[in-house]
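Listed below are the residues making up each chain.
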Amino acid sequence: MSSGAPRGQGQTVRLPRGASLSDFADKIDANPGSLVQEMFNLGEMVTATQSCTDDTLLLLAEHLGYALEIVSPEDEDRELLAQFHIDLDADVDAARLVSRPPVVTVMGHVDHGKTKLLDAIRSTHVVEGEAGGITQHIGAYQVEVEHEGQERKVTFIDTPGHEAFTAMRARGAQVTDIVILVVAADDGVMPQTIEALNHAKAAEVPIVVAVNKIDVEGANPAKVRQQLTEYGLVAEEYGGDTMFVDISAKSRINIDGVLEAVLLTADASLELTAPVDGSAHGVAIEGHLDKGRGPVATVLVQQGTLHVGDSIVAGTGHGRVRAMLDEYSRPVEEAGPSRPVLVLGLTAVPGAGDTFLVAEDDRTARQIAEQREARKRAAANAYSRGRATLETLMEQVKEGQKATLALILKGDVSGSVEALEDALVKLDIPEEVQLRIIHRGVGAITENDVNLASATSDSTATIIGFNVRAEGKVRDLAEREGVEIRYYTVIYQAIEEIEAALKGMLKPEYEEFELGTAEIRAVFKSSRIGNIAGCMVRSGVVRRNAKARLLRDGAVVAENLSIASLKREKDDATEVREGFECGLTLGGYNDIKVGDVIENFEMREKPRA
Ligand code: GDP
C-alpha cells in the first residue's frame, strides 16, 4: 500500500490555488509519480502536471498527514510582488497622506433608475470648466460638488449593477467606498434590491439609499423606508444611521441631495485618506481593445500618483503609460488617489478588479505580467477541470463520453466577460455534464476563436458573443467548421440559456419517427387475448413492441398504444413489411373496426442543433 510518498506529521504545506501534483511533490520532496499513485488509491485519476482543484489537494494532504494551506490569488500576487521587493501595503505611515474622494457604486433592482441616476449626476456636475462638455464612457467618472463651503470630489463607478461589483470583489479588489442603493418608490424593495444590499453588507460598505421615481404617481417613499428596516437599513429620521434621499433621476429632482448624503456618510463613517507620494497602484476597472489605440484600460489609482511614462503592470498586461485620458478625453499628466483614468500603452487588456501597479522599470513590469499570466492559466485550468473519479470515469467509458459543453466567451469589455464567466462557473449543473470555458477575451470574435472552437478535443466549442459580433469572413469560417456562435446583450439571458443547454444535455429530445402504416381488413374476436386486427401493411413496416396510434376516417381515436403481438400467418414476427398481411393486437385495446388505420412509430433521439 505504501507508495513511497513521505508522510507529514501535520507540517504545513503552502500551495497556490490550482497547483499540480508535481508542485505538491516538490514541496514535500517526493516523487510526483508516487502522488499520482496515492491519488489513484483515493479514487481519483490525476496526472502529475494537471492542475488540481482545492478538494483534490486537500484530500491528498489529509491522506498524507500534511496541513495544507491553499494560497488565495491575492496572497499569491502579494508573494509574487514580494519577489520583486514590492509591498503594496508598506510605507503608508511614512507617506504624506491626503484625503481622497469617496468611490461610489450604484446598485439596485433592474429598471429602478441606476443608469438614469448616473447620467443625472454626470450631466449636472461636470468638472469645472467643462460645462456642456461631453463625457465619454470610460468606466468611471469624477464630479465636483460644493459641500459645506468646500469643493469636494466624488468618483463614480459608471457600470451600474452587481456584476461589476462582485467581479471585482471576487478578485479581492475593494474598490467601492459607498454604495448608492437605488429603490424605485413606485415599485418598492425587489429581489435585486436585497441582493445588492447583501453584496454591500458583505463588503462592509456603507449604504446611501436613493428612493427614486418620486415623480411617479403612486410613489410611496415611506413604504420603501419601512420595507428596508426589515433588512437592517433604518433611516436617520427613524433613529437609524442610514441616509435616505428622495429623488427623481428623470426629472433631476434632488440629485444634489444624493451627493450630499454620500459625502456626509463618507465623513461620518470612513477615513478616506491615501498616500499621494510614491509610485501608484490601484485597480483596473474596465478594459477593452480599441481598434486604433490597442488595449486601453481604465484604472483607479488608490495610492500614490500615476504619471505618463511610468512602467506599469495591470493584470497580465504591461507597458509604459503612453497617455492618460480623463472622462472628457482630455489628456492627463498625473493621477492621484481615487482618480480614474484611461491608460494607453498596455500589451493586454486587464480584467475588472485586476490590480495595477507601477514597476521600477519595463523589465520588471514585463516579468510580473508574465508570471501573473502563467498563474492565471494554471488557475483557469483547475477551475474548468471537473473531478474525474474512477467511478465517473467508468461511466464515461460505459456511456462513451462525458457530456461536455465547451465555451469561448467574447465580450465588449472585460467586466462583462468576467461577470459572465463568474456566473457560469457558479452554476449549479448536474454532475453528468461538464462546463469548460476554454477561452475568454475582449473584442470581436476572430478567426482564431473559431479555430480554437473547432480544435477543442471534447467537442466543438460554442462561441458566446456578448455585445460583440463576428464579421463576414469569420462567420463564413464558423459555418464551414460547424462552430455555433450565439449573440447576447443581456447577461442574465446568456446565463439562462447556457444553463438550459447544460440541463438539456442530460435530457435528449425525442422526435417521432414513422415506421409504417397498416389498414385493418378484418377483426377477429378472441376470448383469451381480445380483439385481433387482421391487417395489410400499407407502407413501411409494422414492428412488434413499437408505438402505435389508431386513426379512424383520418382522425386519431386512440393514442399511446403499442403493437403487443404480431404474427405473419401462424408465426410470431418481429416485423412485417409493406404489401404483406399480418395479425396484431394492441395490448388490450379492443375498440378497433375494419377500415381503421394503425400508425406505427418509434421515438428517436433528436440530434441537437
Ligand atoms: P436601471 O435598470 O436601474 O439602470 O434603470 P434605468 O436608469 O435604465 O431606468 C429604467 C426606466 O425608468 C427608464 O425608462 C427611465 O427613464 C425610468 N426612470 C428612471 N428614473 C426615473 C424617475 O425618477 N422617474 C421616472 N418617472 N422614471 C424614471
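One can find the structure itself at the top, above this paragraph.
Figured I'd write up the structure that's included with this text. Keep in mind it's a predicted model, so treat the numbers as computed, not measured.

Attention now goes to the side chain of T585. Checked against the element boundaries, T585 lands in strand β31 (residues 581-585). Excluding residues that lie within four positions of it along the chain, T585 makes contacts with I529, N531, I532, S562, I563, A564 and S565.

Let us now look at the nonpolar core. Formed by 28 residues in total, the largest nonpolar core has its most connected members in L117, I121, V143, V154, F156 and I180. Counting residues per element, the ones that place at least two in this core are β4 (103-108), α5 (114-124), β5 (140-147), β6 (150-157), β7 (178-184), β8 (207-212), β9 (243-246) and α9 (255-269). Those residues in contact with L117 that lie beyond four places of it in its chain are V106, I180, V182, A210, I247, A249 and I255.

Read across the open sheet, the six strands follow the order β5-β6-β4-β7-β8-β9; overall the sheet is mixed. Both outer strands of the open sheet, β5 and β9, are each paired with one neighbouring strand and no more. Going across the sheet, the axis of each strand differs from the next one's by a mean of 30°, ignoring polarity. Two elements, β5 and β6, share eight bridges in a ladder whose sense is antiparallel. Note on β6: the bridge partner recorded for V145 is R152. Helix-sheet contacts for helix α8 (residues 221-229) involve β7, β8 and β9, and the interaxial angle to β9 is about 155°.

The ligand sits among 15 residues. The nearest are D111, K114, T115, K116 and D215. One nitrogen or oxygen atom from the main chain of K114 is found 2.8 Å from an oxygen atom belonging to the ligand. Compared with its free state, where it exposes 580 Å², the ligand has 76% of that area covered by protein. If you tally residues by element for the shell around the ligand, the top one is α5, at three residues. Split by residue class, the shell around the ligand holds three nonpolar, six polar and six charged.

A word on the pairing of strand β26 (residues 547-552). Burial analysis of β26 places five of its six residues in the buried class, the great majority of the element. Counted between consecutive antiparallel strands, the loop separating β26 from strand β27 (residues 555-562) contains two residues, among which D553 sits at a positive phi close to 50°. Where β26 lies against strand β32 (residues 597-605), five bridges are found, and the strand directions are antiparallel. Looking across to β32, one finds that L551 is bridged to V597.

All right, on to unusual backbone geometry then. Even without glycine at this site, D111 takes up a positive phi of about 70°. Unusually for a residue other than glycine, K213 sits at a positive phi of about 65°. Along the chain, K213 turns up in the loop between β8 and α8. Overall, K213 belongs to the partly exposed group, its relative accessible area being 24%.

Definitions and cut-offs
Residues numbered from 1 in each chain as written. Predicted model: local features only at pLDDT ≥ 70, side-chain atom pairs only at ≥ 80, totals over all residues. Heavy atoms only, no water. Helix = DSSP H or I, 4+ residues; strand = E, 2+ residues; numbered from the N terminus. Contact = heavy atoms within 4.5 Å. Core = buried A, V, L, I, M, F, W, Y, C linked by side-chain atoms within 4.5 Å. Buried < 20%, exposed > 50% of the residue type's maximum accessible area, 1.4 Å probe, protein only. Pairing = 2+ DSSP bridges. Axes fitted to C-alpha atoms, helices over the stretch in contact; angles between N-to-C directions. Near = heavy atom within 4 Å. Polar contact = N/O pair within 3.5 Å; in protein donor to acceptor, adjacent residues only side chain to side chain. Areas by Shrake-Rupley, 256 points an atom, 1.4 Å probe, with all protein chains shown as cover. Nonpolar A, V, L, I, M, F, W, Y, C, P; charged D, E, K, R; others polar.

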